[in-house]
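Chain and residue survey
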Amino acid sequence: MDKPMAEDFNAARLPVITPDMSDEDMEKMMASACDASNMLKALSHEGRLMILCHLVTGEKSVTELEELLSARQAAVSQQLARLRLEGLVKPRREGKTIYYSLTDDRPRRILETIYELFCSVDGAGKGRDTQT
């Protein structure tokens, strides 16, 4: 397979690291890499990933999430706390009920890519070892 060219990466809006990059640009890139790494760690748990999948369709109460996930309240709350820590979800209290929603568009955009790569009919199984 041919090696990708720098122009190919630029077309996809990905940065190209070069030896002549300024220290400031490299520091910005490292800070962004750290932010991205923390978000990906938050997404790396199937329970948290499923919570985000449910929240893409709209706000849900903790009780609704428990039922949708067939999980205990303590487990759901623990995963929501991690997602909240990473700034991916936000709570809203109404009486005794706490509702959660996505804070912005980032989780939905990432989930669309994950869905395309792992869940859609065209992408199902790609990236996984299907030989067992």
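Our subject is the structure listed above.
The notes below deal with the structure included here. (Residues numbered from 1 in each chain as written. Predicted model: local features only at pLDDT ≥ 70, side-chain atom pairs only at ≥ 80, totals over all residues. Heavy atoms only, no water.)

1. Digging into the overall build of the chain
Note the cut-off: Strands are runs of DSSP state E lasting at least 2 residues, helices are runs of H or I lasting at least 4, and numbering of each runs from the N terminus. Relative accessibility under 20% of the residue-type maximum defines a buried residue, over 50% an exposed one, and the middle range a partly exposed one, all with a 1.4 Å probe and only protein chains included. The contact criterion used is simple: two residues touch if any of their non-hydrogen atoms lie within 4.5 Å. The accessible surface values rely on the Shrake-Rupley method and a 1.4 Å probe; as for residues, cover is taken only from the protein chains in view.
From N to C terminus, the chain includes six helices and three strands. What you see in the chain, going N to C, is helices and strands ordered as α-α-α-β-α-α-β-β-α. Out of the 132 residues in the chain, the part that is buried amounts to 20%. When contacts within the chain are restricted to residue pairs at least 6 apart in sequence, those whose partners lie at least 24 apart make up 43%. In the form shown here, the chain has an accessible surface area of approximately 9900 Å², with 54% of it arising from carbon and sulfur atoms.

2. Section: a nonpolar patch on the surface
Stated precisely, the cut-off is as follows: Residues enter a patch when their relative accessible area is above 30% and they make no salt bridge; the linking distance is 9 Å between like charges and 5 Å between nonpolar side chains (Val, Leu, Ile, Met, Phe, Trp, Tyr). By definition, a salt bridge exists where a carboxyl oxygen of Asp or Glu is found within 4 Å of a side-chain nitrogen of Lys or Arg.
Together, I17, M26 and M30 line one region of the surface with nonpolar side chains, adding up to about 300 Å² of accessible area. Mapped onto the elements of the fold, I17 is located in the loop between α1 (6-11) and α2 (23-43).

3. Structural notes on the pairing of strand β2 (residues 89-94)
Put simply, the rule is: By the convention used here, strands pair only if DSSP detects at least 2 bridges between them.
With six bridges connecting them, β2 and strand β3 (residues 97-102) associate as antiparallel partners. Residue P91 lies in a different strand from β3, and its bridge partner there is Y100. Here β2 folds back onto β3 in antiparallel fashion, the turn holding two residues, of which G95 has a positive phi close to 65 degrees.

4. Focus on the environment of Y115
Mapped onto the elements of the fold, Y115 is located in helix α6 (residues 106-119). With 62 residues separating them along the chain, Y115 and C53 place their C-alpha atoms 9.6 Å apart.

5. Observations regarding the pattern of salt bridges
What the rule picks out here adds up to seven salt bridges. For D104, the salt bridge goes to R106, with nearest N and O atoms at 3.0 Å. Note on D104: relative accessible area 35%, which makes it partly exposed. Residue classification places R106 among the partly exposed positions, given a relative accessible area of 35%. Residues joined by salt bridges that share partners form a network here, namely E59, R92 and E94.

6. Notes on the packing of helix α4 (residues 62-69) against helix α5 (residues 73-85)
Which entries qualify depends on this criterion: In this analysis, axes come from line fits to C-alpha atoms, helices being fitted only over the stretch in contact, and the angle between any two N-to-C directions falls in the range 0 to 180 degrees. By definition in this entry, angles of less than 35 degrees are roughly parallel, angles greater than 145 are roughly antiparallel, angles of 65 to 115 are roughly perpendicular, and the rest are oblique. Rotating anticlockwise by less than a right angle from the far helix to the near helix defines a left-handed crossing, while the corresponding clockwise rotation defines a right-handed one. Residues were grouped as follows: Ala, Val, Leu, Ile, Met, Phe, Trp, Tyr, Cys and Pro as nonpolar; Asp, Glu, Lys and Arg as charged; and all remaining residues, including Gly, as polar.
In contact at an axis separation of 9 Å, α4 and α5 are set at 110 degrees when each is read in the N-to-C sense. Taken together, α4 and α5 sit at an angle that is classed as roughly perpendicular. As for how α4 packs across α5, the hand of that crossing is right-handed. Contact with α4, carried on its side by V62, L65, E66 and L69, involves Q73, V76, S77 and L80 of α5 and no other residues of that element. Counted by class, the contact of α4 with α5 contains five nonpolar, two polar and one charged residues.

7. Quick notes on the nonpolar core
Taken as a class, soluble globular proteins show a tendency for nonpolar side chains to be buried jointly. This is how the line gets drawn: For the purposes of this section, nonpolar cores are sets of buried Ala, Val, Leu, Ile, Met, Phe, Trp, Tyr and Cys residues that join through side-chain atoms within 4.5 Å.
Residues I51, L52, L55, L80, L88 and V89 are the most contacted members of the largest nonpolar core, which totals 16 residues. Secondary-structure elements contributing two or more residues to this core are α2, α3 (46-55), α4, α5 and β3. In this structure L55 touches K60, L65, V89, Y100, S101 and L102, once residues within four positions along its chain are discounted.

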